[in-house]
Amino acid sequence: MFNRNTKKKTRFSDFLSGEYARDYINQTTPYAEQIDRAAKRIREADYVLIGAGAGMSTAAGAEYGGRFFEEHFAEFQKIYGKGPYMQDMYSAGFYPFPDQESKWGYWSHQALLAGPDLDVTPLHRTLLDALKGKKIFLLSTNADRQFEKAGLPPEQVFATQGTYDRIQCKRGCHPKTYDAVELFRQMERARQNGRIPGELVPKCPVCGGNMEMNLRVDNFFVEDENWHAAEDRFSRFLSECMDGKTVLLELGVGFNTPTIIRFPFEKLTRQRENISLVRLSRSKAMVPASLGDRAIGINADMAQSITDLAEKLREGGEE
Ligand SMILES: [Zn+2]
C-alpha cells in the first residue's frame, strides 16, 4: 500500500485501520530504561508523527467531571437534576434538552470551557520544546486545540473529530462550518436559568434547520474545506515520513476510537522497519509483541512520562 517512490498520497481513509492486534503485551522493562529507549528513538528520528487522544488533555490537566463539573455546571444540575447526565461534560452533552434555547444554553457554556477558554498548555509546550528540530505533525481526536495554543502551527495539525469552536448544520446539508466563539460568548452573557434568548439560536443559512456542534458524533459530521486541507497536509506528511526515520508518538489513546490513531499506528509500524512506535498511556500502553523493539509502551502517569522524556531529550545524545 505504501510503495516506495509512489507519488500517490495516502488518503486518511486508507490510513485508518480496524485491525486489532492479537498479541498485545504490557512491556516489563523498567520505567527508566523505557524512557531511555523512547528518547533514543526520538533523537534518531527525522519525523515525529504525534497521535493524541483524550488521555493527553487529561494528563495536561483538563477536567470534565467531579468537582470541576459541580462547580461550573451547578446551574444546569439545578434545572435538570444530576441524574445520569449531569455528571460530567461528556454525559451532559447527551442530555435531551427540551428546546434549542436550552440546548445552546448548555453547549455554549461547555464549548467555551472545554475549548477556547481551556488552558492546559504547559505539558503540551514541554513536549513541543523537546521535539524542536524534528519535522512534526499532529493527528488528534481532541477538540480542544491545546497543541495549537501551545505553539504548534495550525498547518501541522489534523483534528479529525472537529473542534469546540465551530458549528455546522445539524443535518450536514452543506459542507461548511462556522466559527461560533463570539456567538457562544454572547450566549454565555445572555443565559438565564440555563436558556438563551430565542434570537441567539443559530439556524442553518442554507436549509433553515437547526445547527449543531462540529464534533463527530454521528454521520452528519461536516468535513469542511479546512478539514480537507488538513487531511491533505497530513497525507503529504505521511508520504514524506514513510521512507524516513520516523517515530509515531502516541499520547493517551485508549480503545474508544482505536481505528483513528491506535490501530493505524500499529499497522504502519508493522509495515515499515524505519518506523517505530512510542506509546504513552496511563493504563493502555500495551503494544503488539510482534513489533519487537520497534514498539515501546509506557504505562505511567503521562504528565510524568512526558516530563521525563522531555528531560532525557534535552540532555542530548549521551547514551
Ligand atoms: Zn442545513
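Residues numbered from 1 in each chain as written. Predicted model: local features only at pLDDT ≥ 70, side-chain atom pairs only at ≥ 80, totals over all residues.

Q: I would appreciate a short explanation of helix α11 (residues 225–241) in the present structure.
A: Residue pairs spaced three or four apart in an α-helix point in one direction, given the helix's 3.6 residues per turn. With 17 residues, α11 extends 24 Å between its outermost C-alpha atoms, agreeing within 8% with the 24 Å of an ideal straight helix rising 1.5 Å per residue. Buried residues in α11 make contact with α1 (12–15), β2 (47–52), β3 (135–140), β4 (157–159) and β8 (246–251). (Helix = DSSP H or I, 4+ residues; strand = E, 2+ residues; numbered from the N terminus. Expected span 1.5 Å × (residues − 1). Contact = placed C-beta atoms within 7 Å.)

Q: What should I look at first to understand the sheet that holds strand β9 (residues 275–281) in this one?
A: Strands in a sheet are paired, the pairing made by backbone hydrogen bonds, and the direction either parallel or antiparallel. Taking strand neighbours across the sheet as the criterion, the 6 strands line up as β4-β3-β2-β8-β9-β11 in an open arrangement whose pairing is parallel. Two strands bound the open sheet, and with one partner strand each, they are β4 and β11 (295–299). Strand-to-strand twist in this sheet, taken as the mean axis angle between neighbours without regard to direction, amounts to 15°. Where β3 lies against β4, 3 bridges are found, and the strand directions are parallel. If you follow Leu139 over to β4, its bridge partner there is Phe158. Contacting β2, β8, β9 and β11, helix α12 (residues 262–271) runs over the sheet at an angle of about 150° to β9. (Pairing = 2+ DSSP bridges. Axes fitted to C-alpha atoms, helices over the stretch in contact; angles between N-to-C directions.)

Q: What am I meant to see in the pairing of β11 here?
A: Within β11, 4 of the 5 residues are buried, which leaves it mostly tucked inside the rest of the structure. Relative to β11, β9 runs parallel, the two being bridged by 5 bridges. The residue bridging Ser281 from the neighbouring strand is Asn299, located in β11. (Buried ≥ 20, exposed ≤ 12 C-beta atoms within 10 Å, placed from the backbone.)

Q: Just to check I follow, could you spell out the nonpolar core for this structure?
A: Core analysis: the biggest nonpolar cluster contains 81 residues, and Val48, Leu49 and Leu138 have the highest contact counts within it. For this core, the domains that each give at least three residues are domain 1 (22–59 + 120–161 + 224–314) and domain 2 (64–117 + 167–213). With residues near it in sequence (within four places) discarded, Val48 still touches Ile42, Leu131, Lys134, Ile136, Val247 and Leu249. (Core = buried A, V, L, I, M, F, W, Y, C linked by C-beta atoms within 7 Å. Domains from an automatic or database assignment.)

Q: For this particular structure, what's the right way to read the environment of Glu223?
A: With respect to the secondary-structure elements, Glu223 resides in the loop between β7 (211–215) and α11. Taking the C-alpha atoms as reference points, Glu223 and Pro175, 48 residues apart in sequence, are found 6.5 Å from one another.

Q: Would you take a moment to explain the domain arrangement of the protein for this structure?
A: Note on interface size: it is often stated as the accessible area lost on association of the parts. Once the domains are mapped, the protein shows domain 1 (22–59 + 120–161 + 224–314) and domain 2 (64–117 + 167–213). One C-alpha centre belongs to domain 1, the other to domain 2; they are set 31 Å apart. The interface of domain 1 with domain 2 comprises 4 residues on the first partner and 5 residues on the second. Tallied by class, residues from the side of domain 1 that touches domain 2 come to 1 nonpolar, no polar and 3 charged. (Nonpolar A, V, L, I, M, F, W, Y, C, P; charged D, E, K, R; others polar.)

Q: Just checking my understanding: could you explain the packing of helix α2 (residues 31–44) against helix α13 (residues 302–315) for this structure?
A: Helices that pack against each other are described as a pair by the angle of their axes relative to one another and the distance between those axes. Direction vectors running N to C along α2 and α13 enclose 55°, while the axes themselves pass 9 Å from each other. Our classification of the angle between α2 and α13 gives oblique. The chirality of how α2 crosses α13 is right-handed. Across the interface between the two elements, Ile35, Asp36, Ala38, Ala39, Ile42 and Arg43 from α2 touch Ser305, Asp308, Leu309, Lys312 and Leu313 from α13. Tallied by class, the residues present in the contact of α2 with α13 amount to 6 nonpolar, 1 polar and 4 charged. (Parallel < 35°, antiparallel > 145°, perpendicular 65-115°, else oblique. Left-handed = near helix turned anticlockwise from the far one by under 90°.)

Q: Would you mind showing me how to read the packing of helix α8 (residues 121–130) against α13 here?
A: One way to put it is that α8 packs onto α13 with a least axis distance of 9 Å and a crossing angle of 25°. The angle between α8 and α13 places the two elements in the roughly parallel class. Once α8 is placed against α13, the crossing between them reads as left-handed. Where α8 approaches α13, its residues Leu123, Thr126, Leu127, Asp129 and Ala130 are matched on the opposing element by Ala303, Ile306, Thr307, Leu309, Ala310, Leu313 and Arg314. Looking at the contact of α8 with α13 residue by residue, the class counts come to 8 nonpolar, 2 polar and 2 charged.

Q: Help me understand the pairing of β3 in this model?
A: The side chains of a regular strand alternate between both faces of the sheet. Burial runs high along β3: 5 of the 6 residues are buried. Here β2 runs beside β3; their pairing, made up of 6 bridges, is parallel. Opposite Gly51, over in β3, you have Leu139 as the bridge partner.

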